Amino acid sequence: DREPGQWLSYGRTYDEQHYSPLEEIDTGNVRELGLAWFADIPLNQGQEAVPLVVDGVIYLASSWSNVFAYDARTGQQLWRYDPKVPREWAVNVCCGVVNRGVAVWHGKVYVGTLDGRLVALDAATGHEVWSVQTFDKSQRYSVTGAVRVVKGKVLVGNSGAEFGVRGYVSAYDAESGKLAWRFYTVPGNPADGFENEAMAMAAKTWSGEWWKLGGGGTPWDAMVYDPESSLLYIGTGNGSPWNQALRSPGGGDNLFLASIVALDPDTGTYRWHYQTAPGETWDFTATQPIVVANLDFGGTPRRVIMQAPKNGFFYVLDAKTGELISADAFAPVNWATGIDKATGKPIQNPATRYDQTGRAAFVTPTGLGAHNWRPMSFSPKTGLVYFGSRHAAQVYLGIPYEKFTVSEVGTNTGVVRPTPPELEAELAKREDLKFADRGAMIGWDPVARKPRWRTINPGNGIDGGTLATAGDLVFAGGGNNELIAYNASTGERLWSFDAQTGVAAGPVSYELDGVQYIAVAAGRGLQPYYQPNYSRLLVFKRGGTASLPIAATYVPPPLNPPASTASADTLARGAELYGQNCVQCHGNNISNFPDLRVSPAIQTQAAFDAIVLGGAREGNGMASFAPALSRGDAAAVREYVVSLARAAKAEEDAKRAAAAARGGAEPHAQ
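Sequence order as written defines residue numbering, which begins from 1 separately in each chain. The predicted origin of the model limits local features to residues at a pLDDT of at least 70 and limits the giving and counting of side-chain atom pairs to 80 or more, whereas totals for whole chains, interfaces and linings rest on all residues. To obtain the side-chain values, all non-hydrogen atoms of the structure were used and water was disregarded.

Here we look at the overall build of the protein
The way it works is that DSSP assigns letters per residue, a run of H or I at least four long becomes a helix, a run of E at least two long becomes a strand, and they are numbered from the N terminus. Counting its regular elements, the protein contains 7 helices and 39 strands. Taken over C-alpha atoms, the radius of gyration comes to 24 Å for the protein, in line with the 26 Å a tight globule of 670 residues would show. C-alpha atoms of the protein, sized along the principal axes, occupy 70 × 65 × 50 Å. For the protein, the proportion of its 670 residues judged to be buried stands at 62%. Intrachain contacts of the protein at a sequence separation of at least 6 include 61% that bridge at least 24 residues. All accessibility values rest on the Shrake-Rupley procedure with a 1.4 Å probe; residue burial counts only the protein chains present in the view. On the protein, roughly 24,300 Å² of surface is accessible, and the fraction owed to carbon and sulfur atoms is 51%. Across the protein, 58 positive and 66 negative side-chain charges occur, with their mean positions spaced 2 Å apart. As defined in this context, the radius of gyration uses C-alpha atoms, and a globule is described by 2.2 Å times the residue total to the power 0.38. Categorising residues by exposure relies on relative accessible area from a 1.4 Å probe, with only protein chains included: less than 20% of the type maximum marks a residue as buried, more than 50% marks it as exposed, and the intermediate range marks it as partly exposed. Throughout, a contact is declared for two residues whenever any of their heavy atoms are within 4.5 Å. His is not counted, nor are the chain ends, whereas Lys and Arg count as positive and Asp and Glu as negative. All charge positions are set by atom: Lys at NZ, Arg at CZ, Asp at CG, Glu at CD.

Some details on the nonpolar core
Only buried residues count toward a nonpolar core. Its members are Ala, Val, Leu, Ile, Met, Phe, Trp, Tyr and Cys residues joined through side-chain atoms within 4.5 Å. One finds Tyr-59, Phe-475 and Tyr-510 to be the most contacted residues of the largest nonpolar core, which totals 84 residues. The dominant element in this core, judged by the number of residues it contributes, is strand E38 (residues 515-522), at 6 residues. Residues contacting Tyr-510, with those up to four places away along its chain left out, are Gly-5, Leu-22, Trp-37, Val-53, Ile-58, Ala-72, Val-515, Gln-516, Tyr-517, Ala-519 and Val-539. If you look at the next biggest cluster of nonpolar residues, it comprises 30 residues, including Ala-262, Tyr-274, Ile-290 and Ile-305.

Comments concerning the state of the cysteines
The definition used for a disulfide is geometric: two cysteine sulfur atoms within 2.5 Å. For the structure shown, the criterion picks out 1 disulfide. Shown here is the disulfide that connects Cys-94 with Cys-95, its sulfur atoms set 1.8 Å apart.

What to know about the sheet that holds strand E21 (residues 290-297)
The strand order E21-E22-E23-E24 describes an open sheet built from 4 strands, whose pairing is antiparallel. Each edge of the open sheet is held by one strand with a lone partner, namely E21 and strand E24 (324-329). The average angle at which neighbouring strand axes cross in this sheet is 25°, direction not considered. Pairing analysis gives 5 bridges linking strand E23 (residues 313-318) to E24, with the strands arranged antiparallel. Of the residues in E24, the one forming a bridge with Phe-314 is Asp-328. We call two strands paired when DSSP finds no fewer than two bridges between them. Angles here are taken between N-to-C directions and fall from 0 to 180 degrees, while the axes themselves are lines fitted to C-alpha atoms, restricted in helices to the stretch in contact.

So, the sheet that holds strand E28 (residues 377-379)
Within the open sheet, the 4 strands sit side by side as E28-E29-E31-E32. Their pairing is antiparallel. The open sheet has two edge strands with one neighbour each: E28 and strand E32 (450-455). Between one strand and the next, the sheet's axes are offset by a mean angle of 30°, whatever the strand orientation.

Let's talk about the packing of helix H6 (residues 605-612) against helix H7 (residues 631-662)
Contact geometry of H6 with H7 gives a least axis separation of 10 Å together with a crossing angle of 115°. Taken together, the axis directions place H6 and H7 in an arrangement best described as roughly perpendicular. The handedness of the crossing between H6 and H7 is right-handed. Residues Gln-605, Phe-608 and Asp-609 of H6 lie in contact with H7, whose contacting residues are Arg-631, Ala-634, Ala-635, Val-637 and Arg-638. Should an angle lie under 35 degrees it is considered roughly parallel, over 145 roughly antiparallel, and from 65 to 115 roughly perpendicular; all remaining angles are considered oblique. For any helix crossing, the convention is left-handed if the near helix is rotated counterclockwise from the far helix by under a right angle, and right-handed if that rotation is clockwise.

Details of the packing of helix H4 (residues 568-581) against H7
Between H4 and H7, the shortest axis-to-axis distance is 7 Å and the interhelical angle comes to 100°. Relative to H7, the element H4 lies roughly perpendicular. Here Thr-570, Leu-571, Arg-573, Gly-574, Ala-575, Leu-577 and Tyr-578 of H4 come into contact with H7, specifically with Asp-633, Ala-636, Val-637, Glu-639, Tyr-640 and Ser-643. By residue class, the composition of the contact of H4 with H7 is 7 nonpolar, 3 polar and 3 charged. Three classes are used: nonpolar for Ala, Val, Leu, Ile, Met, Phe, Trp, Tyr, Cys and Pro, charged for Asp, Glu, Lys and Arg, and polar for all others, with Gly counted as polar.

What about H7?
It helps to recall that an α-helix has 3.6 residues per turn; residues three or four apart then point in one direction. A helix is expected to span 1.5 Å multiplied by its residue count minus one. Along its 32 residues, H7 runs 47 Å from first to last C-alpha, staying within 8% of the 46 Å computed at 1.5 Å per residue. Note on H7: the residue one or two positions beyond its end, Gly-663, has a positive phi of about 80°.

Let's talk about the environment of Tyr-110
By the secondary structure assignment, Tyr-110 is in strand E8 (residues 108-112). Given a relative accessible area of 0%, Tyr-110 falls into the buried group. It is 9.8 Å that separates the C-alpha atoms of Tyr-110 and Val-129, two residues lying 19 residues apart in sequence. The contact partners of Tyr-110, leaving out residues within four places of it in the chain, are Val-102, Ala-103, Trp-105, Val-119, Ala-120, Trp-130, Val-147, Val-149, Val-154 and Ala-174. N or O atoms within 3.5 Å of each other form a polar contact, as long as, within protein, one can give a hydrogen and the other can take it, and as long as residues adjacent in sequence are counted only when both atoms are side-chain atoms. Polar contacts involving the side chain of Tyr-110 include one to the main-chain carbonyl oxygen of Ala-174, which spans 2.7 Å.

Brief notes about the side chain of Asn-243
Along the chain, the position of Asn-243 falls in the loop between strand E18 (239-240) and helix H2 (244-247). Owing to a relative accessible area of 0%, Asn-243 belongs among the buried residues under this scheme. Among the polar contacts made by the side chain of Asn-243, one reaches the main-chain carbonyl oxygen of Gly-414 at a distance of 2.9 Å. Setting aside residues no more than four positions away along its own chain, Asn-243 makes contact with Thr-281, Tyr-354, Gln-356, Gly-398, Ile-399, Thr-413 and Gly-414.

Observations concerning the pairing of strand E10 (residues 128-133)
As judged from the 5 bridges shared by strand E9 (residues 117-122) and E10, these two strands associate in the antiparallel manner. Within the sheet, the bridge partner assigned to Ala-120 lies in E10 and is Trp-130. In this antiparallel pair of consecutive strands, E9 and E10, the connection spans 5 residues, and Gly-126 shows a positive phi of 80°.

What to know about the environment of Arg-117
Among the structural elements, Arg-117 can be located in strand E9. Counting along the chain gives 26 residues from Arg-117 to Val-143, while the straight-line C-alpha distance between them is 8.2 Å. With residues near it in sequence (within four places) discarded, Arg-117 still touches Tyr-81, Pro-83, Lys-84, Val-85, Val-111, Gly-112, Ser-131, Val-132, Gln-133 and Thr-134. A distance of 2.8 Å separates the side chain of Arg-117 from the backbone oxygen of Pro-83, its partner in a polar contact.

Thoughts on the pattern of salt bridges
Close approach of charged atoms allows side chains of opposite charge to pair. Any carboxyl oxygen of Asp or Glu that lies within 4 Å of a side-chain nitrogen of Lys or Arg is treated as forming a salt bridge with it. Inspection of every chain in the model, using the stated rule, returns 36 salt bridges. Among the salt bridges present, the one from Lys-310 reaches Asp-283, with a minimum N-O distance of 3.1 Å. Taken together, the residues span a long stretch of sequence, with Lys-310 in the loop between strand E22 (300-307) and E23 and Asp-283 in the loop between strand E20 (270-275) and E21 at a distance of 27 residues. The burial state of Lys-310 is the same as that of Asp-283; both residues are buried. Residues Glu-651 and Lys-655 are paired through a salt bridge, measuring 3.6 Å at the closest nitrogen-oxygen approach. Taken as a pair, Glu-651 and Lys-655 lie in helix H7 at a separation of 4 residues, close to a single helical turn. The class for Glu-651 is partly exposed, based on a relative accessible area of 47%. Connected through shared salt-bridge partners, Lys-649, Glu-652, Asp-653 and Arg-656 make up one network.

If you want it as structure tokens, here you go:
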């Protein structure tokens with residue numbers, strides 16, 4: 001904090017407030033911001049990293065775990081490090097081949113790679129100093145989160161709860177790469193003995209043979225150290241599988257899923273925990289950003305930690321003890337009616353807990369979260385916390401015991417995906433789950449326990465990470481490919497910039513030669529593969545005169561599905577296999593990256609098999625699914641995709657005919 005002109009760690013300081021004390025750019029002159037320079041990132045995937053700025057150099061992690069170093073004044077690339085992650089490892093990744101950030105310490109840059117290496121680089125050259133493997137590569141882990149350095153140790157978590165793993169966080173000596181300690185977030189097989197008393201305690205909250213399915217709890221994002229409390233806080237993930245009735249059929253809290261866990265940073269010893277979603281079964285992780293701050297409660301100061309996790313409640317806990325101070329809904333929530341202050345546990349709505357009998361549950365928020373990984377910020381000047389929220393509902397339908405099998409390639413959620421059309425139709429009719437807006441940027445007052453302001457942005461309802469500054473500003477990406485500056489006190493929109501692509505990552509601010517800059521990585525990575533992504537690092541200053549190249553005009557490919565005579569049974573089988581193996585990347589409606597409905601590969605079975613079974617596009621991250629799918633299975637999946645393409649084409653043709661009958665213009669494809 002003594003060097004306000006730099007951005008030395010993920011949240012700038014250990015408390016991860018994502019707050020800059022720089023104030024040259026303020027509410028009065030923010031409209032003077034212009035692009036100072038930009039750097040194209042030659043990787044057409046999502047950009048989620050917070051850049052670090054140290055001694056005039058910007059260090060940025062990117063997709064496929066690449067790291068770039070730039071001159072912070074000019075944007076000149078100084079070096080690039082490519083760990084050469086095998087592209088087929090993408091099959092073990094839930095949500096994109098992304099990386100959220102590096103750490104810098106004593107002349108080294110540290111990065112966790114998608115395939116589980118922790119690598120130390122020479123900060124001046126980008127050359128490897130040392131590299132260690134952090135997980136067993138025979139299991140389906142990955143690393144996508146930012147690493148941190150605390151007390152001479154590099155902290156790294158992992159992902160993979162969708163694929164049947166047991167979560168843990170590790171600490172390595174920053175100089176040598178030697179493992180210092182490891183803390184597991186869920187218990188293993190009791191027959192093997194427990195690593196510590198915390199695991200023995202946690203095991204009492206599980207039932208069945210959960211260890212055979214992994215258990216989950218992967219700590220894939222939040223790791224925050226508080227020097228005042230001398231504690232390290234980690235946020236833990238969802239269950240593996242999601243469906244609690246499969247992994248722990250007798251119920252139970254299933255510690256330490258969906259929890260904030262406090263550890264001794266020197267030894268990794270458990271100190272306390274707070275669980276946000278006991279018996280987690282909805283993918284309601286607590287891995288979302290954790291912020292440490294001092295708050296004044298009517299003259300009573302308290303050191304607190306704050307989190308707005310996926311489940312839709314904003315939590316304020318005592319930083320030293322974990323005592324619940326408050327928990328309030330910041331978005332529409334129906335899985336719980338509130339939080340019992342006496343017990344600290346949610347008052348759960350039984351109707352939202354799906355089971356194995358075929359009874360579906362209609363739940364809000366969704367597994368995408370009311371707030372997900374995007375950094376939130378806190379301003380000591382306003383006392384507000386700033387973050388984006390998403391308002392949506394989804395259907396959960398459990399896979400029966402007899403039908404659940406562990407896939408070697410696909411996901412293992414234990415939930416029927418894609419959602420059967422009749423349940424989607426029922427969800428659409430639920431008046432209690434329809435919302436006037438699908439997303440908002442919020443200025444939350446953690447003392448008054450309510451929003452001071454909410455701003456609805458156009459677009460897809462997903463806002464980016466936030467940066468608060470002493471100039472009374474909040475910077476964040478918006479749903480329409482914009483970077484936006486808000487008045488931190490009122491939420492008034494003061495300035496915006498068309499980034500030509502999604503801005504999901506958290507911005508930072510730094511100062512050089514008396515000039516304040518704003519920097520952010522742009523490139524959401526969820527657009528179709530045939531649409532330009534424009535992954536870039538964007539840097540702004542007052543009076544900046546640089547400009548982006550004119551964006552290419554995007555014309556979506558036409559829907560041109562082949563003929564099909566597939567039976568209803570084949571289509572049903574294809575939908576089931578698609579849900580087990582494809583939905584995580586391609587989405588429930590197959591319109592995610594890439595949109596398979598317009599893919600040339602669906603025109604013939606041979607072309608489809610070459611990719612799905614033969615691995616023809618492993619270099620792009622599409623691994624072969626031959627370990628999970630037979631030729632007959634692949635044929636059924638293709639027929640299912642073709643059926644959806646044909647349905648979309650029929651809908652498009654009907655709209656075109658209706659427009660022609662009215663004498664109007666023809667609708668554009670998709």
